[in-house]
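A structural walkthrough
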Amino acid sequence: MPTTRREFISQATAAATLATAACAGAVPPAAAPAPSAPNPPAAPRAGEQDPRALAMRALDAARSAGADYADVRISRARGQNLSTRERRVQGINESDTFGFGVRALVGGCWGFAASSELSVDEVVRVARQAVEQARANRVALVRAVVLAPSPTVPSGTWKSPVRIDPFDIPIEEKVAYLLAANEAALKAGAAFVNSGMSFLRDEKTYANTDNSVTVQTIYRSQPTMNVQVVNADRTDFQSRQSTDIQPRGVGYEHVVDSKLAEHAARWADEAKQKLSAKAVEPGQYDLVLDPTHLWLTIHESVAHPTELDRAYGYEANYAGTSFVAPPEKVLGQLKYGSDLMNIQGDRSQAGSLGACGWDDEGVEPETFDIIKKGLFVDYQTTREQAPWLDWWYKQQGRPTRSHGCSYAQTWAQVQFQRMPNVSLLPGEKDLVWDDLIAATDRGIAIIGDGSFSIDQQRYNAQFGGQLYYEIRGGKITGMLKDVAYQMRTPQFWGALDMLGGPRSYFLGGAFGDAKGQPAQVNAVSHGCPPTRHRAINVINTGRRA
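What this report covers is the structure whose coordinates are included nearby.

1. Quick notes on the packing of aromatic side chains
Applying the stated criterion across every chain, the model contains 13 aromatic pairs. Where Phe199 meets Tyr252, the ring centres are 5.9 Å apart and the plane angle is 45 degrees; that geometry is what we call tilted. Of the two residues, Phe199 sits in strand β5 (residues 192-208) while Tyr252 sits in the loop between β7 (237-241) and α5 (253-258), which places them 53 residues apart along the sequence. Judged by centre distance (5.6 Å) and plane angle (45 degrees), the rings of Phe323 and Tyr336 are tilted. Of this pair, Phe323 sits in the loop between α8 (308-311) and α9 (327-330) while Tyr336 sits in the loop between α9 and β10 (343-346); the two residues are 13 residues apart in sequence, bridging distant segments of the chain. Note on accessibility: Phe323 and Tyr336 belong to one class, buried. Site record: aromatic cluster; members linked through ring pairs are Phe452, Phe463, Tyr485, Phe492 and Trp493. Positioned above the aromatic ring of Trp110, the side-chain terminus of Arg103 is 3.9 Å from the ring centre.

2. Some remarks on helix α4 (residues 171-187)
With 17 residues, α4 extends 24 Å between its outermost C-alpha atoms, agreeing within 8% with the 24 Å of an ideal straight helix rising 1.5 Å per residue. Residues of α4 that are buried include every one of Lys174, Val175, Leu178, Ala181, Asn182, Ala185 and Leu186, and no others. Along the long axis of α4, the arc covered by the buried residues comes to 140 degrees, so they all point the same way. Exposed positions of α4 whose direction lies more than 90 degrees from the buried face are Glu172 and Lys187. Downstream of α4 by one or two residues, Gly189 has phi in the positive range, about 110 degrees.

3. Things to note about the environment of Glu173
Tracing the sequence through the fold places Glu173 in helix α4. Among the residues examined, Glu173 registers a relative accessible area of 43% and is labelled partly exposed. Residues Glu173 and Pro326 lie 153 residues apart in sequence; the distance between their C-alpha atoms is 53 Å.

4. Examining the side chain of Ser423
Its place among the elements puts Ser423 in strand β15 (residues 421-424). A relative accessible area of 2% places Ser423 in the buried class. Side chain to side chain, Ser423 and Gln349 meet in a polar contact 3.0 Å long. Of note is the side chain of Ser423, whose polar atom sits 3.4 Å from the side chain of Tyr505. Setting aside its immediate chain neighbours within four residues, Ser423 contacts Asn342, Ile343, Gln344, Asp346, Gln349, Tyr505, His526 and Gly527.

5. Quick notes on the packing of α4 against helix α6 (residues 260-275)
Closest axis-to-axis distance for the α4/α6 pair is 8 Å, and the angle between their directions is 30 degrees. Between α4 and α6, the interaxial angle falls into the category roughly parallel. Viewed along their axes, α4 and α6 form a crossing whose handedness is right-handed. Between α4, through Tyr177, Leu178, Ala180, Ala181, Ala184 and Ala185, and α6, the contact on the second element is made entirely by Leu260, Ala261, Ala264 and Ala268. Residues of the contact of α4 with α6, tallied by class, amount to ten nonpolar, no polar and no charged.

6. Here we look at the environment of Tyr485
Tracing the sequence through the fold places Tyr485 in strand β19 (residues 483-488). Taking the C-alpha atoms as reference points, Tyr485 and Asn537, 52 residues apart in sequence, are found 5.7 Å from one another. Ignoring any residue separated from it by four or fewer positions in sequence, one finds Tyr485 in contact with Leu287, Leu289, His293, Thr297, Ile446, Ala461, Gln462, Phe463, Phe492, Ile536, Asn537 and Val538. Within polar-contact distance, the side chain of Tyr485 engages the side chain of Thr297 at 2.9 Å.

7. Re the environment of Val521
By the element assignment, Val521 lies in strand β22 (residues 520-528). A relative accessible area of 3% means that Val521 is categorised as buried.

8. A closer look at the nonpolar core
Ranked by size, the top nonpolar core spans 55 residues in total, and within it Tyr336, Phe376, Tyr485 and Trp493 carry the most contacts. The next biggest cluster of nonpolar side chains, apart from the first, holds 24 residues, and it includes Leu54, Ala55, Val126 and Ala130.

Definitions and cut-offs
- Residues numbered from 1 in each chain as written.
- Predicted model: local features only at pLDDT ≥ 70, side-chain atom pairs only at ≥ 80, totals over all residues.
- Heavy atoms only, no water.
- Phe/Tyr/Trp six-rings, centres within 6.5 Å; stacked < 30°, edge-to-face > 60°.
- Helix = DSSP H or I, 4+ residues; strand = E, 2+ residues; numbered from the N terminus.
- Buried < 20%, exposed > 50% of the residue type's maximum accessible area, 1.4 Å probe, protein only.
- Lys NZ or Arg CZ within 6 Å of the ring centre and 35° of its normal.
- Expected span 1.5 Å × (residues − 1).
- Arc of directions from axis to C-beta.
- Polar contact = N/O pair within 3.5 Å; in protein donor to acceptor, adjacent residues only side chain to side chain.
- Contact = heavy atoms within 4.5 Å.
- Axes fitted to C-alpha atoms, helices over the stretch in contact; angles between N-to-C directions.
- Parallel < 35°, antiparallel > 145°, perpendicular 65-115°, else oblique.
- Left-handed = near helix turned anticlockwise from the far one by under 90°.
- Nonpolar A, V, L, I, M, F, W, Y, C, P; charged D, E, K, R; others polar.
- Core = buried A, V, L, I, M, F, W, Y, C linked by side-chain atoms within 4.5 Å.

See the structure below:
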C-alpha cells in the first residue's frame, strides 16, 4: 500500500525514516557551533580505504572522462528504532549502510551513479559511469544546468552538538526507559500506551571539483509517546501524543532530558479530560496557537510552497506544486501575511534537525529572509536553482548564490532541493502564551499537532491538534474537542495580529518529511513563538452526531 504524506511526517511513525536516518528552546534562533578549521577526517576503519583519498580518485576519474563539474559523497549512516506497547517490546530495528555516489555535469546535463563497494577501482568505474549517463541524458535536455558559484571554497569538519552518542547506550537501557514511561502512563489510567525512540548517525565525506572537501557527522534523536484512554462504557476513546517533546539534531541526552515517565501521568490526565470535553460549536474564533502546533502549519503552508522547484512545476510529488508562482509575479509583490510575519530559512539553529556545516553541494548555508514584514522575498534554492532567479538578485543588488538547500537521503540517491529550517521569528514585544490568552475575548487555544489536509497548491488547508481550550474574557474556561480550523494561506497569515517574543520561541520539527519520486526523506525543524490569528473558521470533526 503506498505510503501517505501524513505517515512520512508523523512523529509517531519515525521508523519509516530509518534509512536516513526540537524540544523547547525558550530562546530565539541561536547559531550552531561554527565549522572547525580544516582537519583530516577520522581514521578509516580497519580494512577500509581512506574516504578522502577515494573521493579524490573519483573526481580525477570524472574529470578525465570529460565532466565539466563533479562531486562525490561518501556516507556511513546508522539508524536505530525501538518501539514498545504497554509492557512489551514491539520492535527493535537497525540499519547500517555504507557507500558513495558520484554526480557529474556534462554539457549542461546531470549524470549520477552509486555503489556500496568502497575501492579504488570501483570509484573510478562509478565516476566514469556518471559521466556517461550525463552524456546519454543530453537527448532529453530542456534547460542546460548552470551552477551558481559557491561563495567560498569550503573545507573543514563539522559535528552535531552531541553529548551522548545514542549508539553507545545499550538496548536494554533504552527499553527499560520506555517501559518505565509506559508503566507510569498505565498507573495514571491509560488503557493503551505506545512509546519509542529513533536515532541517526550519518558520517559524510564530500568533495567536488571546485576544491571543496568537507567531513561531517550528523546526529538526530527522537523520543515519542502516545497515551490512549477509554471511557467507562467503551463508547469513546481519546489520545494524547507527546508533542511537547520534539525531535532534535542532538544525541541521547535529548531522550534523558525528555523525561517521558515524568510527563506520562499528565498526558494521561489530559487524554481523560478530552473524554468529557465540550464539543466545539462551529463558527469563527480568534485562534491562539502554541508552537507545538504551529510548527506544522508553518511546514505545510509556508515551507513547502516556497521551494523553488515546486513554484516552477518541476516537483509535484507529495501534495503538489505551489500557489507562490510564477516567481516573476510574486517575488516582492505577494503579501503573504501581516506585517508581524517574518520567516527565515537557515541551517544553523543549535540542536535543530536541519543544522549542518555544509549542504550536499558543499555550500555553507546562509540565513536568509523568505518573508519580510509579510511580503514574500525569496525561495529556497540550490546551486542549480539560484541562477533561475538571477534577475531578482540583480534587482536587489545581491549576488546570485545558493542558500545551501541541497540534500540527499542516502549515498545511493542524488541530491536535490530540500527545505532548511524554516522559522517564524519572534516579535519585538516580550510576550508569552499567557499574554496572548489574556488579550483574547472569544477564542480557542490549540496545543500540539494533529491531522491535517492540504490542497495541491498549498492554498487551502485544514488543521487539527492535540488539545483545545475555550477562551472567554481573557481566560481559559474549559477544554473543547472535535476542533479543526480551515484556512486559505494568505488570509490565515494576514489574520496574524499578535505573537510571542524571544522567551516563547520553540523548535518543533519533523524527523521524516518526504519529497520527490523516488521519494527521499529529510529532517527539518521549524521554530516559532505562540501566535494569535483573528476570525478563523472552525468546524466540528466529531465522530458521532
